[in-house]
Amino acid sequence: MTKDMTNGSPMRLILGFSVPLLFGFLFQQFYNLVDTLIVGRYLGVDALAAVGSTGSVNFLIIGFCMGVCNGFAIPLAHKFGAGDYRGMRAFMMNAIYLSVAFAVVMTVLTVVFCRPILQLMQTPENIIDDAYIYIVIIFAGIPATYLYNLVSGVIRSMGDSKTPLVFLTLASVLNIILDLVLIIVVQMGVAGAALATVISQAISGVGCVIYSYFKFEILHTTKEERKVSREYMKTLCGMGIPMGLQYSITAIGSVILQSAVNTLGSDAVASMTAGSKIAMFFCCPFDALGSTMATYGGQNVGAGKMDRISAGLKSCSILGIGYSILAFIVLLFTGEYLAMFFVSNASAEVISNAHLFLIINSAFYIPLAFVNIVRFLIQGMGYSKFAILAGVFEMAARTLVGFAFVPVFGFTAACFASPVAWIFADIFLFPAYFHVFKKTKRMLASN
């Protein structure tokens, strides 16, 4: 059930690994879309704006959790590629210990400081109560986020991208059912939407753990492998924390941008929410390609096969560029109709602005493709700290747009924030890739 990505056609391996990942991301975004659709249609535009106003701070915290778990999986991929399964299991156990500690601390801090954060973001008064109810429940579910992402990261490090898909599909279906029950039948409002997300992810994570225990004998540990290792924890933190910070630093720019959009009123927030949700669905292939390159890069560096790194980057870039062009064409002609699914009773301006957001963002999907492909490849090669710097470039771009341009040019300026951020990140990432490639090649040659 595991897959060795150090031999065979890079294009075929990347496609074979990324397609299950793609379906996983699509299912994840599908239930996020349904979540938003149900909120918008049954609870109204203000409720939709309330949920949407938490998007950036949600990404700030939950993105850190996901980044840390992805980083923890990199040393496992290196050990798997090198055939050192004892070392892989020892890293896995120490990653579990660290994840428990991180989850407890982050849950307490985020729940306590949740409302002050929303107030600092200038969340409009008419939606701040619903925004707080929604996001505080999501933050209370941080342990479930760590559980699923860590286990799925371990499984993907061994080249298996199908098993996490199965349990993510389960979570998607369960989340939709719970949305309908808790929002429409029980009438819990935005609290029902948040609770449905947490419960479905927790069940998915537990199911993934149980299945992995019985199906992956390679993960069965000995007493020696379960020991706490300061050296292993240091390595894991060196990979995981920079990747988590990369997500969070990027999200800081999004928080600042969201604060600027909040000053434009709840209609602008609703337009941004609808457009962002649709865009996230169309960006799933970029996420899948990025995650694929992290595992591909990790295994091939572990095996010392640097020639395959370049070949993999070329193959993945071709796929990313091709999809970017297709996505722009589709959103150009269908974006307005897609926005209507979320805000059917909203004004024509809300729908028009959501469509404008989609057109501007999709026109710059090629730079976004390279942000994901190159950044995750660098991380998979073991240079997670570069991810922080890429995040700094993105944060700087969104902050610049939020502070300098949104107050002057309004919603249109906000639509350009992410494209500018992607271009800034690429300006840093391409030279960084050539640097780490040469450095890694020299290190392997000296060994």
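A brief structural summary.

We now examine the overall build of the chain. For the chain, the count of helices and strands is 18 helices and zero strands. The C-alpha radius of gyration of the chain comes to 21 Å, within 12% of the 22 Å expected for a compact globule of 447 residues. The 447 residues of the chain split such that 59% are buried. Summarising the internal contacts of the chain: among those between residues at least 6 apart in sequence, 85% fall at separations of at least 24. Carbon and sulfur atoms make up 69% of the accessible area of the chain, which totals about 17,800 Å². In the chain, 26 side chains carry a positive charge and 20 a negative one; their mean positions are 15 Å apart.

Before going further, it helps to spend a moment on a negative patch on the surface. Judged by side-chain charge, Asp-46, Asp-130, Asp-267 and Glu-349 come together as a negatively charged surface patch. Structurally, Glu-349 can be placed in helix 14 (residues 348-362). A residue is classified by how much of its surface remains accessible, and Glu-349, at 56% relative accessible area, is exposed.

Now for a nonpolar patch on the surface. Taken together, the side chains of Tyr-42, Leu-43, Val-173, Ile-177, Leu-180, Val-181, Ile-184, Val-185, Val-186 and Met-188 define a hydrophobic patch exposed on the protein surface, amounting to about 840 Å² of accessible area. Looking at the nonpolar patch, the elements with two or more residues in it are helix 1 (10-43) and helix 8 (163-185). Among the structural elements, Val-173 can be located in helix 8. Judged by its relative accessible area of 45%, Val-173 is partly exposed.

Core analysis: the largest hydrophobic core is formed by 122 residues, its most contacted members being Tyr-146, Tyr-365, Met-381 and Tyr-433. Non-local contacts of Tyr-365, meaning those with residues more than four positions away in its chain, are made with Ala-279, Phe-282, Cys-283, Phe-286, Ser-324, Ala-327, Leu-331 and Trp-422. Ranked by size, the runner-up nonpolar core spans six residues in total, among them Ile-74, Met-239, Met-243 and Ala-294.

Counting across every chain of the model gives 16 aromatic pairs. Plain terms: the ring middles of Phe-393 and Phe-428 are 5.4 Å apart, the flat faces sit at 25° to each other, and that makes the pair stacked. Of this pair, Phe-393 sits in helix 16 (residues 385-409) while Phe-428 sits in helix 18 (residues 417-446), and the two are 35 residues apart along the sequence. Accessibility expressed as a relative area gives 32% for Phe-393, which makes it partly exposed. Taken together, a centroid distance of 5.9 Å and an interplanar angle of 40° make the contact between Tyr-433 and Phe-437 tilted. Separated by four residues within a single helix, Tyr-433 and Phe-437 lie in helix 18, roughly one turn from each other. Taking relative accessible area as the criterion, Tyr-433 reaches 4% and is therefore assigned buried. Given a relative accessible area of 13%, Phe-437 falls into the buried group. An aromatic cluster of three or more residues is present, and its members are Phe-286, Tyr-323, Tyr-365 and Trp-422. A cation over an aromatic ring shows up here: Arg-115 above the ring of Tyr-132, its NZ or CZ 5.3 Å from the ring centre.

Attention shifts here to helix 6 (residues 128-140). Its 13 residues give helix 6 an end-to-end C-alpha distance of 18 Å, which sits within 8% of 18 Å, the value for a rise of 1.5 Å per residue. Among the residues making up helix 6, those that are buried are Ile-128, Ala-131, Tyr-134, Ile-135, Val-136, Ile-138 and Phe-139.

If you walk through the whole model with that rule in mind, you get six salt bridges. The partner of Asp-129 in a salt bridge is Arg-115, with the nearest N and O atoms 2.7 Å apart. With a gap of 14 residues between them, Asp-129 in helix 6 and Arg-115 in helix 5 (residues 114-120) connect regions that are remote in the sequence. Take Asp-129: its relative accessible area is 45%, and that puts it in the partly exposed class. Looking at Arg-115, the relative accessible area reads 27%, which means it is partly exposed. Close ionic contact of Glu-394 with Arg-398 constitutes a salt bridge, the shortest N to O distance being 3.3 Å.

It is worth spelling out the packing of helix 12 (residues 284-302) against helix 15 (residues 365-380) at this point. One way to put it is that helix 12 packs onto helix 15 with a least axis distance of 7 Å and a crossing angle of 25°. In this view, helix 12 runs roughly parallel relative to helix 15, as classed from their interaxial angle. Handedness of the crossing formed by helix 12 with helix 15: right-handed. Touching Phe-286, Asp-287, Leu-289, Gly-290, Ser-291, Met-293, Ala-294, Gly-297 and Gly-298 of helix 12 are Tyr-365, Leu-368, Ala-369, Asn-372, Ile-373, Phe-376, Leu-377 and Gly-380, all from helix 15. In terms of residue class, the contact of helix 12 with helix 15 is made up of 10 nonpolar, six polar and one charged.

Rules and cut-offs
- Residues numbered from 1 in each chain as written.
- Predicted model: local features only at pLDDT ≥ 70, side-chain atom pairs only at ≥ 80, totals over all residues.
- Heavy atoms only, no water.
- Helix = DSSP H or I, 4+ residues; strand = E, 2+ residues; numbered from the N terminus.
- Rg over C-alpha atoms; globule rule 2.2 N^0.38 Å.
- Buried < 20%, exposed > 50% of the residue type's maximum accessible area, 1.4 Å probe, protein only.
- Contact = heavy atoms within 4.5 Å.
- Areas by Shrake-Rupley, 256 points an atom, 1.4 Å probe, with all protein chains shown as cover.
- Lys, Arg positive; Asp, Glu negative; His and termini not counted.
- Charge placed at Lys NZ, Arg CZ, Asp CG, Glu CD.
- Patch = residues over 30% accessible without salt bridge, like charges linked within 9 Å, V, L, I, M, F, W, Y side chains within 5 Å.
- Salt bridge = Lys/Arg side-chain N within 4 Å of Asp/Glu carboxyl O.
- Core = buried A, V, L, I, M, F, W, Y, C linked by side-chain atoms within 4.5 Å.
- Phe/Tyr/Trp six-rings, centres within 6.5 Å; stacked < 30°, edge-to-face > 60°.
- Lys NZ or Arg CZ within 6 Å of the ring centre and 35° of its normal.
- Expected span 1.5 Å × (residues − 1).
- Axes fitted to C-alpha atoms, helices over the stretch in contact; angles between N-to-C directions.
- Parallel < 35°, antiparallel > 145°, perpendicular 65-115°, else oblique.
- Left-handed = near helix turned anticlockwise from the far one by under 90°.
- Nonpolar A, V, L, I, M, F, W, Y, C, P; charged D, E, K, R; others polar.

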